[in-house]
Amino acid sequence: MAILMHNMAQIEQWLGVYTKSTPKDFSRMASVLDRCDHPELKTPAIHVTGTNGKGSTCRFIEQMATDHGYSTLLFTSPHLEFITERIRHNKENIDDQTFIQLMNEVRHHIEALKIESMSYFEVLTVAFFIYAGQVDVDLLIIEVGVGGEKDYTNILPHAVRVITSIGKDHIPSLGKDEFAITKQKAGIMHHGDTVVVGEIAPEYLAIIQDKVTQEEGQLISYKLQPQMDIPQLGFYQVWNVRTAYAAFAAFTKGNGLYFNQQTAIEAIQATALPGRMELIANKPATFIDGAHNISAIKVLLKELKATFADKRIIMYFSSLDRKEINDSLDYIQAHSDIELYVTTFDDGEARKEDDYLVTSDAKFVNNWYDDYKQTAPANVDAVVVFCGSFYFISEVREKLQSEDIYENISNF
């Protein structure tokens, strides 16, 4: 196969030209995977969905598997800085040259099948599954992109399925309310699968139980797992670690693999979580967090108030214009002790000042970076939190860690 693209810039350029918003249709992916002799079937998997907590849960599972001596391949999204973060082999991002070779192979199959266009996430999901067929690993850990039933990762016919949480996000694409969203997320279950659930309200759990019964599967609750102390910030991470623990225990049991409770707990305690209450600078203490929907914003504010009760809290929030953020901004503004600033970032879909004015009277900052640099000397004793879109906190992380603006900048 001739090399079509030689560097990461050419990869990004091709993705920008080829990928488009396309009708949800598994046939395109299925045709590519069939041509590749179905690499997605080679290795057993844990498949993770949920409104919040997906990425953290995947990282906890990855660390537990590694510390048990198992090899892993993780697929996650979005990326914080580099597209190669989306595919992690044994806790290391796929390297550029391997990724370039992989994407050339993907392009070769797509063009051979004369597929006119695919979505960005669809192409990367195909790439992950093709790569999964090329490496020898014990476990695939796969994070859903959006929803569950109609997500491209749901081409997997069998896996341990995980539903971390239910809340409002991606409305109206997933449905008008949490009940419709629950049905979409429960749709990742296929016949006979084990489903692990996190902190989910009883009325939504009933929908999941109905799906499990219908598919003759097994339901496991995080609440049945051992309590454990963890160093990660965020009280909600206790839900995620017990959910991850249950999923990994179920996976090892179902596949006849070794599992040790103490090893699992120690692995959880050692897990790093980029973009989840991640400290990226000191003076002032500056965190980034991917909270953007109302469910995540509520738990973020609860954590901030509990952990930094005696501190002044300054928050910069930014989102993509397609996201529903009214409830989130209203909730933050109802807490007068949180100094809220809405802002924009370098993305064509990022909300601009006029977009915020339609629904919020929060103070708009046109350039968050300049504002942060100018105000930081007067706010050294405060806590600053950047939250909202992962694309936004990705920009924040990259800019604040790219130069020595303040002492003690930490690169996690």
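Residues numbered from 1 in each chain as written. Predicted model: local features only at pLDDT ≥ 70, side-chain atom pairs only at ≥ 80, totals over all residues. Heavy atoms only, no water.

**Some details on the side chain of D193**
Locating D193 in the fold gives a position in the loop between α6 (178–186) and β7 (194–197). Not counting chain neighbours up to four residues away, the residues in contact with D193 comprise P157, H158, A159, R161, I188, G217 and Q218. (Helix = DSSP H or I, 4+ residues; strand = E, 2+ residues; numbered from the N terminus. Contact = heavy atoms within 4.5 Å.)

**Notes on the packing of aromatic side chains**
Under the criterion given, the structure shown has 19 aromatic pairs. We note K399 situated over the ring of Y369; from NZ or CZ to the ring centre the distance is 5.5 Å. (Phe/Tyr/Trp six-rings, centres within 6.5 Å; stacked < 30°, edge-to-face > 60°. Lys NZ or Arg CZ within 6 Å of the ring centre and 35° of its normal.)

**A short note on the layout of surface pockets**
Estimates place the volume of the second largest pocket at around 350 Å³. For the second largest pocket, the lining is made up of 21 residues, of which H158, V160, A250, G254 and N255 are closest to its centre. Taken together, the elements giving at least two residues each to the lining of the second largest pocket come down to β8 (218–221) and α8 (237–254). Looking at which element gives the most residues to the lining of the second largest pocket, the answer is α8, with 5 residues. (1 Å grid on protein atoms, 1.4 Å probe; cavity = no way out; pocket = protein on both sides within 12 Å on 5 of 7 lines; lining within 4 Å. Points joined across faces, edges and corners; volume = space filled by probe spheres on them.)

**A short note on helix α9 (residues 261–269)**
Residues of α9 that are buried include every one of T263, A264, I265, A267 and I268, and no others. Lining the buried residues of α9 we find α3 (54–67) and α8. Capping the start of α9, N260 holds a side-chain oxygen 3.0 Å from the backbone nitrogen of Q262, two or three residues further along. (Buried < 20%, exposed > 50% of the residue type's maximum accessible area, 1.4 Å probe, protein only. Polar contact = N/O pair within 3.5 Å; in protein donor to acceptor, adjacent residues only side chain to side chain.)

**Digging into helix α4 (residues 96–112)**
For α4, spanning 17 residues, the distance from its first C-alpha to its last is 24 Å, which sits close to the expected 24 Å at 1.5 Å a residue. Turning to α4, its buried residues are F99, I100, L102, M103, N104, V106, R107, H109 and I110. Here the buried face of α4 lies against α1 (8–18), α2 (27–35), β3 (87–89) and α5 (120–132). By the N-cap criterion, in which a side-chain oxygen at the helix start approaches the backbone nitrogen of a residue two or three places on, α4 is capped by D95, the distance to Q97 being 3.1 Å. Phi for K114, located one or two positions after α4, is positive at around 55°. (Expected span 1.5 Å × (residues − 1).)

**Some thoughts on the sheet that holds β3**
Here 8 strands make up an open sheet; going across it, the order is β4-β3-β2-β5-β1-β6-β7-β8 and the pairing mixed. Each edge of the sheet is formed by a strand with only one pairing partner; in this case those strands are β4 (92–93) and β8. In the sheet, strand β6 (residues 160–163) pairs with β7 via 3 bridges, with the strands oriented parallel. Looking at the pairing, I163 lines up with V197 of β7. Strands in contact with α3 are β1 (45–49), β2 (72–75), β3, β5 (139–143) and β6; relative to β5, the strand with the most contacts, it is inclined by about 170°. Running at roughly 175° to β2, α5 makes contact with β2, β3 and β5 of the sheet. (Pairing = 2+ DSSP bridges. Axes fitted to C-alpha atoms, helices over the stretch in contact; angles between N-to-C directions.)

**Some thoughts on the pattern of salt bridges**
Throughout the structure, instances matching the rule amount to 9 salt bridges. For R28, the salt bridge goes to E122, with nearest N and O atoms at 2.9 Å. Placement of R28 in helix α2 and of E122 in helix α5 is noted, with a sequence separation of 94 residues between them. We note a salt bridge from K305 to D337, for which the minimum N-O separation is 2.5 Å. (Salt bridge = Lys/Arg side-chain N within 4 Å of Asp/Glu carboxyl O.)

**Here's the deal with empty space enclosed by the protein**
Applying the stated rule across the entire model yields 1 cavity of 30 Å³ or more. Of the volumes computed, that of the largest cavity is approximately 30 Å³. Around the largest cavity, the lining residues are P284, I314, Y316, Y372, T375, A376, N379 and V384. Those elements that provide at least two residues to the lining of the largest cavity are β11 (313–318) and α13 (368–375).

**Brief notes about the confidence of the model for the protein**
Close reading of the predicted structure is inappropriate where its pLDDT is low. The pLDDT averaged across the protein works out to 90; a share of 94% of its residues lies at or above 70. Here residues 170–175 is modelled with pLDDT under 50, and outside its nearest four sequence neighbours on either side it reaches 13 contacts, counting other chains as well. (pLDDT = per-residue confidence, 0-100.)

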